[in-house]
Amino acid sequence: MACDYKILSNLDLENLVNEKQSFALDVLVGLSETPKRLSSRYFYDDRGSELFRQIMDLPEYYLTKCEINVLERNREGIAELVEDTRFNLVELGAGDGRKTSILINHLLSKKMDFKYIPIDISEGAMKELAKNLNEKFPSLCGEGIVAEYFNGLKWLGKTASRKNLVLFLGSNLGNFNKSQSRVFLRNLWNTLNNGDLLITGFDLKKDIELMSRAYNDSRGITREFNLNLLKRINRELGGNFEIDKFRHFSSYDVFSGAMESYLVSLEKQTVYIKALSHKFTFEAWEPIHTEYSYKYLESNIVDLAEATGFVIEKQLYDSKKYFVDSVWRVLKVTSPDEVI
Ligand SMILES: C[S@@+](CC[C@H](N)C(=O)[O-])C[C@H]1O[C@@H](n2cnc3c(N)ncnc32)[C@H](O)[C@@H]1O
């Protein structure tokens, strides 16, 4: 059976307006704070998504290679989790879906009854994904949703009654700090049903040089990716950032376990953003914080699952044990006696 893979964007018009408004509001709030900050969520306009695809191909960016290895080694184990069930394969922040293709290919070859529902805020990434899916998998059913994670999940909750296997791959969760991760996972738990499954990617703590190289590549693509955030503000909000007057900087904090990225102002300067009717002043060497990429100990993963209502089913590693896709099941108990 052939299924034409469709994209649903603007779940309603209000959503689109809200996304633009939240970008403007977050820039206003973030650049008014001390220290200044911008959310990594806004990296992914069309240009940012294209740059991220280039990052995944870099030899230094071990994360993608490791997770491909995890999925290649464990595709059958993942299929067994949902055998004999009709289910939705939901993917949060799917990007170009190159890793998920490994799994989709396997599930289709086993003739399993599922729909693939990627949710991504980037329309550019979703168009690329839908094009790839239509070419590679003409029999794949489902629809791609251009939306913020929880708007997409809310829409899904209203329309679907199948079991869910949710993928949250890469190290997307690592962009949240400890309390934000807990809030995110508990919100996810609230939108899912008892017994639904979640597979989350965690980049494990390892050699510091190896991690640092992944965020400071020799070709300068990560630098370009980080600076694109300022270019996006110029394009979409009428900013006048002079890009050459900022530099990319990334470093690892051993104590918090985060690779952190910054844009540093190289001189004293003022930037005007038309859509905000606001001027921001920068001192020489003043940083803007742009990204956390948290790295985890095994014990951190166990704590996170326990604190948010999930039960760990399996830990799926790559051959070097640099990365883990952790398989969790939603546990919703109805009486205190059932709590484990
Ligand atoms: C680091 S990329 C990872 C892509 C893919 N999961 C992978 O592992 O290769 C993050 C993706 O999540 C999307 N994203 C980031 N924040 C989002 C949000 N709040 N809601 C929906 N999508 C989001 C981005 O557009 C981007 O495609």
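Let me sum up the structure you'll find in this document. (Residues numbered from 1 in each chain as written. Predicted model: local features only at pLDDT ≥ 70, side-chain atom pairs only at ≥ 80, totals over all residues. Heavy atoms only, no water.)

**Thoughts on the pairing of strand S11 (residues 278–282)**
Consideration 1: In terms of strand pairing, strand S10 (residues 269–273) meets S11 through five bridges, oriented antiparallel. For isoleucine 273, the partnering residue across the bridge sits in S11 and is histidine 278.
Consideration 2: The turn linking S10 back onto S11 is made up of four residues, and serine 277 within it adopts a positive phi angle of 50°. (Pairing = 2+ DSSP bridges. Helix = DSSP H or I, 4+ residues; strand = E, 2+ residues; numbered from the N terminus.)

**Comments concerning the packing of helix H3 (residues 62–81) against helix H4 (residues 100–109)**
Consideration 1: In the contact formed by H3 and H4, the axes pass within 9 Å of each other and the chain directions differ by 30°. Considered as vectors, H3 and H4 are oriented roughly parallel to each other. The two elements H3 and H4 meet at a crossing, and its hand is right-handed. When H3 is examined against H4, the residues Ile68, Leu71, Glu72, Arg75, Glu76, Ile78 and Ala79 are found in contact with a partner set consisting of Ile102, Leu103, His106 and Leu107.
Consideration 2: Among the residues forming the contact of H3 with H4, the class breakdown is seven nonpolar, one polar and three charged. (Axes fitted to C-alpha atoms, helices over the stretch in contact; angles between N-to-C directions. Parallel < 35°, antiparallel > 145°, perpendicular 65-115°, else oblique. Left-handed = near helix turned anticlockwise from the far one by under 90°. Contact = heavy atoms within 4.5 Å. Nonpolar A, V, L, I, M, F, W, Y, C, P; charged D, E, K, R; others polar.)

**Things to note about helix H5 (residues 123–136)**
Consideration 1: Between its first and last C-alpha atoms H5 spans 20 Å; for 14 residues at 1.5 Å apiece the expected length is 20 Å, and the two agree.
Consideration 2: Buried residues of H5: Gly124, Ala125, Met126, Leu129, Ala130 and Leu133, and no others.
Consideration 3: Elements that come into contact with the buried residues of H5 comprise strand S1 (6–8), helix H2 (46–57), H4, strand S4 (114–120) and strand S5 (141–146). (Expected span 1.5 Å × (residues − 1). Buried < 20%, exposed > 50% of the residue type's maximum accessible area, 1.4 Å probe, protein only.)

**Observations regarding the nonpolar core**
Side chains that are nonpolar tend, in soluble globular proteins, to be buried together.
Consideration 1: Grouped together as the largest cluster of nonpolar side chains are 39 residues, with contacts concentrated most on Val27, Leu230, Phe241 and Ile273.
Consideration 2: No other element matches the seven residues that helix H9 (residues 221–237) contributes to this core.
Consideration 3: Residues in contact with valine 27, not counting those within four places in the same chain, are Leu38, Ile233, Leu237, Ile273 and Leu276.
Consideration 4: The next biggest cluster of nonpolar side chains, apart from the first, holds 33 residues, and it includes Ile119, Ile145, Tyr294 and Leu304. (Core = buried A, V, L, I, M, F, W, Y, C linked by side-chain atoms within 4.5 Å.)

**Regarding the sheet that holds strand S2 (residues 36–37)**
Within a sheet, neighbouring strands are paired by backbone hydrogen bonds and run either parallel or antiparallel to one another.
Consideration 1: Sheet architecture is open: four strands sit in the order S2-S12-S9-S8, paired in mixed fashion. Edge positions in the sheet fall to S2 and strand S8 (246–253), since each of these pairs with one other strand and no more.
Consideration 2: Sheet analysis places S2 next to strand S12 (residues 287–294), joined by two bridges and oriented parallel. Note that in S12 the partner of lysine 36 across the bridge is isoleucine 288.

**Considerations on unusual backbone geometry**
Consideration 1: Omega for the peptide link from threonine 34 to proline 35 comes to -5°, which places this bond in the cis form.
Consideration 2: As for its placement among the helices and strands, proline 35 is situated in the loop between helix H1 (13–32) and S2.

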